[in-house]
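The lines below spell out each chain.
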Amino acid sequence: MTDSSGLHFVSPYAFAAMQKVDVVRLAALSDPELRLLLPCLVRMALCAPADQSNAWAQDKKLILRLLSGVEAVNSIVALLSVDFHALEQDARKEQQLRHKAGGSNSESILVSQLQHGLTLEFEHSDPLRRLRLALSELLAIMNKVADSSGEFFLKSSELFESPVYLEEVADVLCILQAELPSLLPIVDVAEALLHVRNGDWFLCLLVANVPDSFNEVCRGLIKNGERQDEESVGGRRRTEALRQLCQMNPSQALNIRAMVVQECHLPGLGVALTLDYKPDSADEAVSPLVSYVSGLLLGTNGKVRTWFGMFIRNGQQRKRESSSVLWQMRRQLLLELVAILPRSRGTHVPSGSDPESCPGYSGLREEHVVKASALLRLYCALMGIAGLRPTDEEAEQLLQLMTSRPPATPAGVRFVSLSFCKLLAFPTLVSTPEQEQLMVIWLTWMIKEEEYFESAAGVSASFGEMLLLVAMYFHSNQLGAIIELVCSTLGMKVVTAHAVRVAVTNSLSANIAGFLPIHCIYQLLKSRAFTKHKVSIKDWIFRQLCETTTPLHTQLLPLIDVYINSILTPASKANPEATNQPITEQEILNVFQGHAGGDGGKGRCQYSITTQLLILYYILSYEEALLGNTKTLALMQKKPKSYSAALMDQIPIKHLIRQAQGLQQELGGLHSALLRLLATNYPHLCMVEGWICEEEVTGTLPLLRRMLLPSCSCRYTQAQLHAAFQNVVLSGPALMRMLEPLTLLSAADLIPYAEALTANMGLLLQPGVARRLLQTVSKLWMVLNTVMPRRLWVMTVNALQPSAKLLRQHCYTQNDLLVDPLIVLRCDPRVFRCPPLMDITLHMLNGYLLASKAYLNAHLKETAEFDRQTQTISNLGLTGQPDTPEVTREELKNALLAAQDSAAVQILLEVCLPSSQEEQLLGGDGEGLVKSGQSALDQPMREQGRGGATGAQGIEGGLLSDLREVQCLICCLLHQMFIADPNIAKLVHFQGYPQALLPLTVAGIPSMHICLDFIPELLAQPQQEKQIFAIQLLSHLCTQYALPKSLSVARLAISVMGTLLTVLTRPRRFVFFMPTLPCLVPFCRAFPPLYDDVVSLLVQVGQVCAADVATKSRDIDPFIARLQHVKGRLKESLGSDMGLSKMSLPKRSAEELGAADPDVQLCYCIEAAFMDIVETCIQGF
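The shown structure was predicted, so the numbers you read here are calculated from the model rather than taken from an experiment. (Residues numbered from 1 in each chain as written. Predicted model: local features only at pLDDT ≥ 70, side-chain atom pairs only at ≥ 80, totals over all residues. Heavy atoms only, no water.)

*Asks:* Which residues make up the overall build of the chain, and what are the values?
*Replies:* When helices and strands are tallied, the chain shows 65 helices and zero strands. When each of the 1181 residues of the chain is scored for burial, the buried share is 50%. A sequence separation of at least 24 residues applies to 73% of the contacts in the chain between residues at least 6 apart. (Helix = DSSP H or I, 4+ residues; strand = E, 2+ residues; numbered from the N terminus. Buried < 20%, exposed > 50% of the residue type's maximum accessible area, 1.4 Å probe, protein only. Contact = heavy atoms within 4.5 Å.)

The structure is reproduced here in C-alpha cells:
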C-alpha cells in the first residue's frame, strides 16, 4: 500500500492516550495528530457518559477545552446531529434492493441522483447527504467483497482517493461505524477498506477512534487472510495494513504474531512483525528473529512447519526479492551472522603453513557462542526443512562461522558438534579446493583439541566421541545411522543413536546433554555387536538403570527395548544361542528391597523411583515381548524363562504407578508406556471403578481433610489394633477411636496396618457390630487398595473364609485365585448380608475375573506354539494323526471364561433371593423384598393414603434392609459385566434363573434392555421351561422399556403362544399356560394396541379348556356364562364412576384351585387375566 506513504498515521503515543483516555497526553498532541482523533473525542464530549464520577467530569471539561479551538469540530458536530435511525432504515432498504438486483448499482435509495462526480457532490453536500454518499459507497464495496468468493479486487473510488477530502471522509466513516454498528460491523468495514486506495490509512484511523476493537479487527483480518501472503496483491496489502496497525500499537505486536501462527495465515506478517519488534532490553544471546523462525521450523507442530517452509520455498521463486519480507529476513540474519564473526577473513590458507600460526584463525568470543549455535541450527533448519538455497555470500559467511574456534566451555563443545554435523548435512557449502583445505585443517584441530575441551569444559561427553562414532558408521557404511546422528544433533528429529564409549554415567538424566555412553551401547545393541562377540552387557545395563534420576533421559526406554529384543531373538538363525542374558530375579528383588512386602511393603529403598519404574517397565515389556515372539521362539526350539509369579507379587506395581502419575512431566513417556503394559498384562489393576475410588482417596477434598484436621499424636501399633478387634461388639467405640486417626493417613502410611485390618475382617460379621465401624473399615480398605491391591485381595479372601476353613488354616495364593476366581464367593455366608464387606467382595470378584482372563490368554499364547511344534515333530512319519486345530484351544478357553463368568452371575443372583428368615420378616411373602425395587416409586404414594405407620414399616423392611443394599451392589456389578460383554447376559438368560428375581434384575440392571435382542432366539428353543422364562422376562421388559422393539417382540411372543396352543398336549398345555397367561396383562398395560391379539388368544385358550371341562363335569359354572357376567358388570360399572373400582369376580380359594382339574385351573387363570386386562383398560379412561 505504497499509495498512502505520504499520509500521516496515528502515532503509538496518541493511540496509547486514546486507549487509556489520558487527557493530559491528549493535550500534548500536535494539531495534526489531534485532527485524526476528533471523531471519537467529539462523540466522547457530546454523548452522555456511563461514568458519572467527578474525575471524569473534570476530564470532560479538559476535552471540551481542547476541542474548542479546532475548526473541524463543528463539521463533526453537524454529522452527529443527523437522524441515524432513518438513515439505517434507508441503508437496509438499499441492501435489499441490491440483493434483488444481483449487486447492480443502477438504483440507490441513499443517493437518488448525482449531478456531478462523487467528489464534487461530497464537497457541496450537507452533513446528511455526505453520510449517505459515504454509506452508499461503503455498502457497495462490502457487498462486492461478500460476492467475490475470496478473489481480491481493487475498487476505484473517487471518494477514498481524493487527497483534499481524506480527513472529511475519514470523519464520516468513523461516525457511521460508531452510530450504526449493527449495519457496519467493524471487522467487515476493515475487510472492505483493504480494497480501496489509502485503505490502510483509513483502517488505522478507524481503529484509533475505536481503540477497544484493535484485537477484534486484527483477528478478523488474519482469519480471512491468505495462507501465503506474499503470493498475491491482496495478501501483501493485508500484511501491510496489519503491520501499520501493529506499528500504531506495538505492545500487541507479539500477540498478533501469535494469532498468525495459530491460524497458519500470513507468514510474511509474522516475519515482518518480528523485524519491526524492538525489545525493551536487548538480549545478547539470541535475537527475536532467530528465536521466532527457529521455533516455527524446529517446533513440534508439523502443520506450522509445513506452512512456513512453503513460505520460504515460494519466496525464493519470485524475482522481486528486494521488496519481499523473505529478502528482508535473510538480510537481517546475514547481518547478525557477520556481527558475531571474530573478524573478517578469507577462506584461503597458505599451503604448508601451521593452522595455529595462520592470522586468519581467531577465536569466537565467549559471549557470542550461544548465538552462533542458534544461528547454525537456524540455517540448518532453513536449508534442510524449508529448502533455502544460500547465496554465495551466505555460504561464505557460514563457512567462516563454522570454522571459528570457540573457547573450551560446554557451549563451545556444543558449537563444534553443531558445526561438524552441519558440514555432514550440507557438504555443498564446500565448493572450492581452498574451502576444502580449510575444512580439513579444522577437522585436524578438532581431533587434536578434543581431550583438552573435555577436561577444560568439565563435561562428560565431547565432540571427540562424535568423531569416533561417525568414523565407525562410515567404516560400516551405515548412512542411515549418520543421518540420524546429524539430525538429532541439529534438533531436527528424535534422539535415537549416539556415542560409543562403554561406561556408566552417574546420575543419568535429561539434564546431561551431549553424546553419552548410553548412546554407544544402544547402537551396539541394535547392531548385535555384543552377542556376535559373546560379550555380556547385562551388568552394564543394570548398573546404568540403577544410576538414573529425573528428568528421565530419552535414550533409556529405547535402550531397554533393544536390550529385550537382544535377549529373546538371536543375532542370526545359524547361532540361536547368541543372545544376551536377562536381569536376574535376585537383582530385581534388590531394587525393591524396601518394598519387600509386595504391593505395599513400606520402607526406605536405596534406589530411586526412576530406577524402580524402569525395572518395572523392563519386566512388563519383557513378558509382553516373550508372548509376542512365541511363534518365532517355537520354530527355533527355544523357550526363554519368564519371571516367576512370586517375583511379580513382591513388586509394588500399583504403588509405583501412583508415584509415576505425579511425575509425568519428568518421566516423559514412561508413565503412558507403563499404563499400556498394565492394561494388557494386569487389567484388574486398571479397572475404571478403581481409578474413580482412587480419585476419591487422593483428590482435593481428602487432601484438605488431612491437612486441616488435627492428626493424633500417638500412633497405635498393629498389636493394639489387633487386640481391639478381638471383642469388636463391646469395644466398638474404642476401636472407632483407633480407626479414625488412620483415615487421616496417606495410603503409603497406612500400609503397615493392612495385615491387622484384613486379618480381623471376619470378626466384623458378628451380630451387633456398628454400621459406622463397618464403613470405616471399608473406607480404609479402599485406601489400601490404591497402593497394594493384589496382596490386599489375597489377605482379604483368606480372612473372609468360612469358619471351617479357617480352623483348617487353609490359605489361598495369588495363583489359586487367578485359576479359580469363584473362590472369592466361597466366603462366609454372612458376608452376603453385610453391605460394606459385600462391596469389597464384589470389587475383588470383578478384579479376579479380569485377571483370570489375562492369565488364560497369556497361558494360551505361551504354550500354544510350543505344544503345536512338539506335536508336529512327534507326528512326523505318522499318518492319520493331524495336528490339533488351534481354534479348538481358543474355543475351549472362551468356553471356560464364559462358564466362569456365568457361574459368578448365577451365584450372585442366588444371593439376591431372600432367606427363609427374611421371608418370615416379610410376612411370608417370599417375593416381597425382591419386587419392592420395582414398586419403590409408587409405594410412598400408596402408603400416604393408607397412613404413615404401615408405610414406614414397609419401607424399613424392604428398601432400607441389608438385603436391599446387597441387591443394589450386585445389580451394579452385573450391569458392568453385561455392558462389557453382552454375551454373558445372553448365556445367563439362556441358562435361566428363578422367576422371582425378574422384577429385581429388570428394574435394577439398566443394561437388561439388551435381552430384547435374543428373546426371539430364546422363544425358539425346544425346551418348554426356556420358552416360559422368555415370556416372563419379556413381560417385565415391556413394562420397564415400552419401546417399538419391545412391541414387536411382544407380538412375536403372542404369536408363539398361539402356535403352541395348537401343538401342545393337555398336560404340557397346562404347564405352559399357567405361568405365561398372567404375562399377557403387562403386554396390554405397556402396549394397548395388543388388546385385540391378547383377547383373541385368551378366547382360543378358553374355548379349548372349556371344551375339555364340558366333557368331564357339569357342576362348574360355564365359562361363557361367567364371561357374560363380566360383560354385564362392566356395563353397569361404566354407568357409575364409583363402580369402576369395585368390579370383581368371585375369588377362588387356594384349596379349591388345587383340588380342581388342570383345565378348570386354567379357566380360572384365563378369567383372572381377563379381569386384569379389563381393570387396566378401565384405569386408562
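What follows picks up the thread again.
*Asks:* Describe the nonpolar core, and please don't skip the residues or the numbers.
*Replies:* Core analysis: the biggest nonpolar cluster contains 152 residues, and Leu-135, Leu-245 and Phe-308 have the highest contact counts within it. In terms of residue count, helix α21 (residues 369-384) provides more of this core than any other element does, 11 residues in total. The next biggest cluster of nonpolar side chains, apart from the first, holds 133 residues, and it includes Ala-756, Met-761, Phe-832 and Leu-1000. (Core = buried A, V, L, I, M, F, W, Y, C linked by side-chain atoms within 4.5 Å.)

*Asks:* An account of the confidence of the model for the chain is requested, with residue identities and associated values reported.
*Replies:* For the chain, the mean per-residue pLDDT works out to 77, and 76% of the residues sit at or above 70. A low-confidence stretch, residues 595-604 stays under pLDDT 50, and its non-local contacts, those more than four residues away or across chains, total 35 contacts. (pLDDT = per-residue confidence, 0-100.)

*Asks:* Go over the pattern of salt bridges, please, and point to the residues and values.
*Replies:* Summed over the entire model, instances satisfying the criterion amount to 23 salt bridges. Here Asp-90 and Arg-132 are joined by a salt bridge, their closest N and O atoms 2.6 Å apart. Within this pair, whereas Asp-90 is found in helix α7 (residues 84-100), its partner Arg-132 is found in helix α9 (residues 127-147), the two being separated by 42 residues in sequence. Residues Asp-90 and Arg-132 agree in their burial class; the two are buried. (Salt bridge = Lys/Arg side-chain N within 4 Å of Asp/Glu carboxyl O.)

*Asks:* An account of the packing of helix α27 (residues 517-526) against helix α30 (residues 556-568) is requested, with residue identities and associated values reported.
*Replies:* In a packed pair of helices, the relevant descriptors are the angle between the two axes and the axis-to-axis distance. Interaxial distance between α27 and α30 falls to 9 Å at its minimum, and their mutual angle equals 30 degrees. As summarised for this structure, α27 and α30 are arranged roughly parallel, according to the angle between their axes. For α27 against α30, the interelement crossing comes out left-handed. Across from Ile-518, Ile-521, Tyr-522, Leu-525 and Lys-526 in α27, the residues of α30 making contact are Leu-556, Pro-558, Leu-559, Val-562, Tyr-563 and Ser-566. Residues that form the contact of α27 with α30 fall into these classes: nine nonpolar, one polar and one charged. (Axes fitted to C-alpha atoms, helices over the stretch in contact; angles between N-to-C directions. Parallel < 35°, antiparallel > 145°, perpendicular 65-115°, else oblique. Left-handed = near helix turned anticlockwise from the far one by under 90°. Nonpolar A, V, L, I, M, F, W, Y, C, P; charged D, E, K, R; others polar.)

*Asks:* Could you give me a rundown of the packing of helix α17 (residues 267-276) against helix α18 (residues 288-298), with the residues and numbers involved?
*Replies:* One way to put it is that α17 packs onto α18 with a least axis distance of 9 Å and a crossing angle of 155 degrees. Comparing the axis directions of α17 and α18 gives the class roughly antiparallel. Two packed elements cross with a definite hand, and for α17 against α18 that hand is right-handed. When α17 is examined against α18, the residues Gly-270, Val-271, Thr-274 and Leu-275 are found in contact with a partner set consisting of Pro-288, Leu-289 and Tyr-292.

*Asks:* So what's going on with the side chain of Gln-1021? Which residues, and what values?
*Replies:* In this structure, Gln-1021 sits in the loop between α57 (1015-1019) and α58 (1024-1040). Of note is the side chain of Gln-1021, whose polar atom sits 3.2 Å from the backbone oxygen of Glu-1017. Ignoring any residue separated from it by four or fewer positions in sequence, one finds Gln-1021 in contact with Phe-990, Lys-1026 and Gln-1027. (Polar contact = N/O pair within 3.5 Å; in protein donor to acceptor, adjacent residues only side chain to side chain.)

*Asks:* How would you explain unusual backbone geometry if you had to name every residue and give the values?
*Replies:* The omega angle of the peptide bond from Thr-550 to Pro-551 is -5 degrees, so this bond is cis rather than trans. Mapped onto the fold, Pro-551 is located in the loop between α29 (538-546) and α30. Positive phi is not limited to glycine here, since Cys-264 has a value of about 55 degrees. A residue is classified by how much of its surface remains accessible, and Cys-264, at 2% relative accessible area, is buried. Backbone geometry places Ser-507, a non-glycine residue, at a positive phi of 50 degrees. For Ser-507, the position within the fold is in the loop between α26 (479-489) and α27. Ser-507 gets classed as partly exposed once you look at its relative accessible area, which sits at 44%.

*Asks:* Tell me what's going on with the packing of aromatic side chains, and back it up with residues and numbers.
*Replies:* With the rule as written, the count across this model stands at 13 aromatic pairs. Relative to Tyr-848, the ring of Trp-793 lies with its centre 5.3 Å away and its plane at 70 degrees, an arrangement referred to as edge-to-face. With a gap of 55 residues between them, Trp-793 in helix α45 (residues 789-799) and Tyr-848 in helix α48 (residues 835-874) connect regions that are remote in the sequence. Cluster of aromatic residues (ring-pair linked, three or more members): Tyr-563, Tyr-618, Tyr-622 and Tyr-643. The ring centre of Phe-153 lies 4.7 Å from the NZ or CZ of Lys-144, which sits over that ring. (Phe/Tyr/Trp six-rings, centres within 6.5 Å; stacked < 30°, edge-to-face > 60°. Lys NZ or Arg CZ within 6 Å of the ring centre and 35° of its normal.)

*Asks:* Outline helix α32 (residues 609-628), listing residues and values.
*Replies:* With 20 residues, α32 extends 28 Å between its outermost C-alpha atoms, agreeing within 8% with the 28 Å of an ideal straight helix rising 1.5 Å per residue. A large share of α32 lies buried, amounting to 15 of its 20 residues. (Expected span 1.5 Å × (residues − 1).)

*Asks:* Which residues make up the side chain of Gln-397, and what values go with them?
*Replies:* Mapped onto the fold, Gln-397 is located in helix α22 (residues 392-402). For Gln-397, a relative accessible area of 15% puts it in the buried group. Residues within four places of Gln-397 in sequence aside, it is in contact with Leu-334, Leu-337, Val-338 and Leu-341.

*Asks:* Lay out a nonpolar patch on the surface in plain terms, naming residues and giving numbers.
*Replies:* Residues Phe-152, Leu-154 and Val-233 make up a contiguous nonpolar surface patch of about 240 Å² in total accessible area. Examined against the element boundaries, Val-233 turns out to sit in helix α15 (residues 233-248). Relative accessible area serves as the criterion here: at 48%, Val-233 is assigned to the partly exposed category. (Patch = residues over 30% accessible without salt bridge, like charges linked within 9 Å, V, L, I, M, F, W, Y side chains within 5 Å. Areas by Shrake-Rupley, 256 points an atom, 1.4 Å probe, with all protein chains shown as cover.)

*Asks:* So what's going on with the environment of Leu-856? Which residues, and what values?
*Replies:* Within the secondary structure layout, Leu-856 lies in helix α48. As for Leu-856 and Val-819, which are separated by 37 residues in sequence, their C-alpha atoms are 8.2 Å apart. When near neighbours in sequence (up to four residues on either side) are disregarded, Leu-856 contacts Lys-893, Leu-896 and Leu-897.

*Asks:* Report on α9, specifying residues and quantitative values.
*Replies:* An ideal rise of 1.5 Å per residue puts 30 Å on 21 residues; α9 measures up with 30 Å between its terminal C-alpha atoms. A positive backbone phi angle near 55 degrees is found at Ser-149, which sits one or two residues after α9.

*Asks:* Explain the state of the cysteines to me, using residue names and the numbers behind them.
*Replies:* If you walk through the whole model with that rule in mind, you get zero disulfides. Unpaired in this structure, Cys-1079 has its nearest cysteine sulfur neighbour in Cys-1165, at a distance of 9.5 Å. (Disulfide = S-S within 2.5 Å.)

*Asks:* Explain the environment of Asn-798 to me, and be specific about the residues and the numbers.
*Replies:* Its location among the elements puts Asn-798 in helix α45. A residue is classified by how much of its surface remains accessible, and Asn-798, at 12% relative accessible area, is buried. A sequence separation of 15 residues divides Asn-798 from Thr-813, and the C-alpha atoms of the two residues are 8.9 Å apart. Polar side-chain contacts of Asn-798 include one of 3.1 Å to the backbone oxygen of Val-794.

*Asks:* Outline the environment of Gln-612, listing residues and values.
*Replies:* Note that Gln-612 resides in helix α32. Between the alpha carbons of Gln-612 and Leu-545 there is a distance of 8.8 Å; along the sequence they are 67 residues apart.

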